[in-house]
Amino acid sequence: MALVGYARCSTDRQDLTAQRQALGALGVPAERVYLDHGLTGTKRARPGLDQALAAVRDGDTLVVTKLDRLARSVPDALAILDTLAEHGVGLSLGGTVHDWGDPFGRMFLGMLAVVAEFEANLTRQRIREGLAIARQNGRLRGKPPKLNPRQHGHLLELHDEGERTIAELAELFGVSRATIYRSLARRRASAP
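What you see is a predicted model; the values in this text were computed from it and never measured.

Procedures and definitions
Residue positions are given per chain, counted from 1 along the sequence in the order it is written. In keeping with the predicted nature of the model, local features appear solely for residues at pLDDT of at least 70, side-chain atom pairs appear and are counted solely at 80 or more, and the whole-chain, interface and lining totals rest on all residues. As a rule here, side-chain values come from all non-hydrogen atoms in the structure, and water together with hydrogens is ignored. The way it works is a 1 Å grid over only the protein atoms, where trapped points that fit a 1.4 Å probe form a cavity and open points with protein on both sides within 12 Å along at least five of seven lines form a pocket, and then any residue with an atom within 4 Å of a point lines it. Grid points are joined across faces, edges and corners, and a volume is the space filled by probe spheres set on the points. For the purposes of this entry, the term helix denotes a DSSP run of H or I that reaches at least four residues, the term strand denotes a run of E that reaches at least two, and both are numbered from the N terminus. Three classes are used: nonpolar for Ala, Val, Leu, Ile, Met, Phe, Trp, Tyr, Cys and Pro, charged for Asp, Glu, Lys and Arg, and polar for all others, with Gly counted as polar. Between Lys or Arg on one side and Asp or Glu on the other, a salt bridge is scored when a side-chain nitrogen of the former is within 4 Å of a carboxyl oxygen of the latter. The classification of residues rests on relative accessible area computed with a 1.4 Å probe and restricted to protein chains. Under 20% of the type maximum is buried, over 50% is exposed, and intermediate values are partly exposed. Contact between two residues is taken to exist if any of their heavy atoms lie within 4.5 Å; hydrogens are not considered. Centres within 6.5 Å make a pair out of two Phe, Tyr or Trp rings, where for Trp the six-membered ring is used; the pair is then stacked when the planes are under 30 degrees apart, edge-to-face when over 60, and tilted otherwise. Strand pairing is assigned whenever DSSP detects at least two bridges linking the two strands. Axis definition: a line fit to C-alpha positions, over the contact stretch in the case of helices; interaxial angles, taken between N-to-C directions, run 0 to 180 degrees. Within this analysis, the arc is defined by the directions that extend from the helix axis to the C-beta atoms. Two helices that cross are described as forming a left-handed crossing if the nearer one is turned anticlockwise from the farther one by less than a right angle, and a right-handed crossing if clockwise. Patch membership is restricted to residues that have no salt bridge and whose relative accessible area is over 30%. Joining uses 9 Å for like charges and 5 Å for the nonpolar side chains Val, Leu, Ile, Met, Phe, Trp and Tyr. Here the open area of atoms and residues is found with the Shrake-Rupley method and a 1.4 Å probe, where only the protein chains shown may cover a residue. The term nonpolar core refers to a set of buried residues drawn from Ala, Val, Leu, Ile, Met, Phe, Trp, Tyr and Cys, joined through side-chain atoms within 4.5 Å.

> Explain the layout of surface pockets here, please?
In this structure, the largest pocket encloses a volume near 260 Å³. In terms of lining, the largest pocket is formed by 14 residues, of which the most central are Ser-10, Arg-69, Arg-72, Ala-120 and Thr-123. The element that contributes the greatest number of residues to the lining of the largest pocket is helix 5 (residues 103-136), accounting for five residues. Each residue belonging to the lining of the largest pocket can be placed in one class, and the counts come to three nonpolar, six polar and five charged.

What follows is the structure, encoded as structure tokens:
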């Protein structure tokens, strides 16, 4: 029986050190810890999780510090737990192994999955509310444009001359082609 660890954090600004240390304290060798850095638990497509699931074999145990590190949506958590059970892999949450085949274990893990999804939904709601208040108070105006008004006007003049391609204009102004296309679209949208 081998221990395989999985750790995840949602943003690039967060650190996985505490989770890695906790997994080490639970007996997971550092080379058997798989990581997803800057990926949300509400999405199932995570390379580190896929690697961890591929690394476990019948009789092994997948170790995570908390269920919300594994999944933040009920359907994903249940699908992962079903996959583990199908392959004879146990799940350890913070050092306690839970049996997905046992009715009590199934209920307990299901409730933890509901709580993890609830927490994720609360976070999203708080962010939306905070952004709305910031907009109302004039503190949130979006990203500043890549081109100032003078550059934007010059770009439109050069484009209208028809002598340069979009790629050449993008290189000339030091922006992406998408920025050039957005500038042209803004002009079309503002035209009478």
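What follows picks up the thread again.
> I'm lost on the pattern of salt bridges in this one. Help?
If the charged atoms of two oppositely charged side chains come close together, the side chains can form a pair. Here the structure, examined in full by the defined rule, presents five salt bridges. In this structure, the salt-bridge partner of Arg-72 is Asp-68, at a minimum N-O distance of 3.1 Å. Look at Asp-68 and you get buried, because its relative accessible area is 9%. Among the ionic contacts, a cluster of salt bridges with common partners joins Asp-68, Arg-69, Arg-72 and Glu-119.

> Just to check I follow, could you spell out the side chain of His-98 for this structure?
By secondary structure assignment, the location of His-98 is in strand 5 (residues 96-98). Residue classification places His-98 among the buried positions, given a relative accessible area of 15%. Those residues in contact with His-98 that lie beyond four places of it in its chain are Leu-91, Leu-93, Phe-108 and Leu-109.

> Can you help me understand the packing of aromatic side chains in this one?
This model, assessed by the stated rule, comprises one aromatic pair. Look at Phe-104 and Phe-108: their rings are 6.4 Å apart centre to centre, the planes differ by 15°, and that puts the pair in the stacked class. Of this pair, Phe-104 and Phe-108 both sit in helix 5, four residues apart, which is roughly one turn of that helix. Looking at Phe-108, the relative accessible area reads 32%, which means it is partly exposed.

> What should I look at first to understand the sheet that holds strand 3 (residues 61-64) in this one?
Hydrogen bonding along the main chain pairs the strands of a sheet, whether they run parallel or antiparallel. Ordered by their spatial adjacency, five strands build an open sheet running 2-1-3-4-5, and the pairing between neighbours is mixed. Either end of the sheet is taken by a strand with one partner, and the two such strands are strand 2 (33-37) and strand 5. Ignoring which end each strand starts from, the neighbouring axes of this sheet average 25° apart. Against the sheet, helix 1 (residues 17-25) touches strand 1 (3-9), strand 2 and strand 3, its axis set at about 165° to strand 1.

> Is there a simple way to think about helix 2 (residues 47-55) in this case?
Count 3.6 residues to each turn of an α-helix, and residues three or four apart come out pointing the same way. Along helix 2, the residues classified as buried are Gly-48, Leu-49, Ala-52, Leu-53 and Ala-55. With its buried residues spanning 160° around the axis, helix 2 presents them on a single face. Packed against the buried residues of helix 2 are strand 1, strand 2, strand 3, helix 3 (67-70) and helix 4 (74-86).

> Explain the packing of helix 4 against helix 5 to me, please; I cannot follow it from the model alone.
How two helices sit against one another is set out by the angle between their axes and by the gap between those axes. The interhelical angle for the contact between helix 4 and helix 5, taken along N-to-C directions, is 145°, at an axis separation of 8 Å. The hand of the helix 4/helix 5 crossing is right-handed. Facing Val-74, Pro-75, Ala-77, Leu-81 and Asp-82 of helix 4, the residues of helix 5 in contact are Arg-106, Leu-109, Ala-113, Val-114 and Glu-117. In terms of residue class, the contact of helix 4 with helix 5 is made up of seven nonpolar, no polar and three charged.

> What is the right way to read a nonpolar patch on the surface from this model?
A cluster of nonpolar residues, Phe-104, Met-107, Phe-108 and Met-111, forms a patch on the protein surface that exposes about 430 Å² of accessible area. Checked against the element boundaries, Met-111 lands in helix 5.

> Whenever I open this one, the nonpolar core confuses me. Can you help?
Side chains that are nonpolar tend, in soluble globular proteins, to be buried together. Counting residues in each nonpolar core, the largest one holds 23 residues, and the members touching the most others are Tyr-6, Leu-62, Leu-70, Ile-80, Leu-84 and Leu-91. Broken down by element, this core gets its largest block of residues, five residues, from helix 4. Contact partners of Ile-80, with chain neighbours within four places excluded, come to Arg-44, Arg-46, Leu-49, Leu-53, Leu-70 and Ala-71. Listed in part, the eleven residues of the second largest apolar core include Leu-169, Phe-173, Val-175 and Leu-184.

> What am I meant to see in the pairing of strand 4 (residues 90-93) here?
The two faces of a sheet get side chains in turn, since along a regular strand they alternate between them. Alternating positions in strand 4 separate into two faces, Gly-90 and Ser-92 on one and Leu-91 and Leu-93 on the other, with burial throughout. One ladder, built from four bridges, connects strand 3 with strand 4; its direction is parallel. Counterpart to Val-64 in the pairing with strand 4 is Leu-93. Where strand 4 and strand 5 come together, three bridges link them in antiparallel fashion. Bridge pairing in strand 5 places Leu-93 opposite Thr-96. Hairpin connection, strand 4 to strand 5: the antiparallel pair is bridged by two residues, and Gly-94 has positive phi, about 60°.

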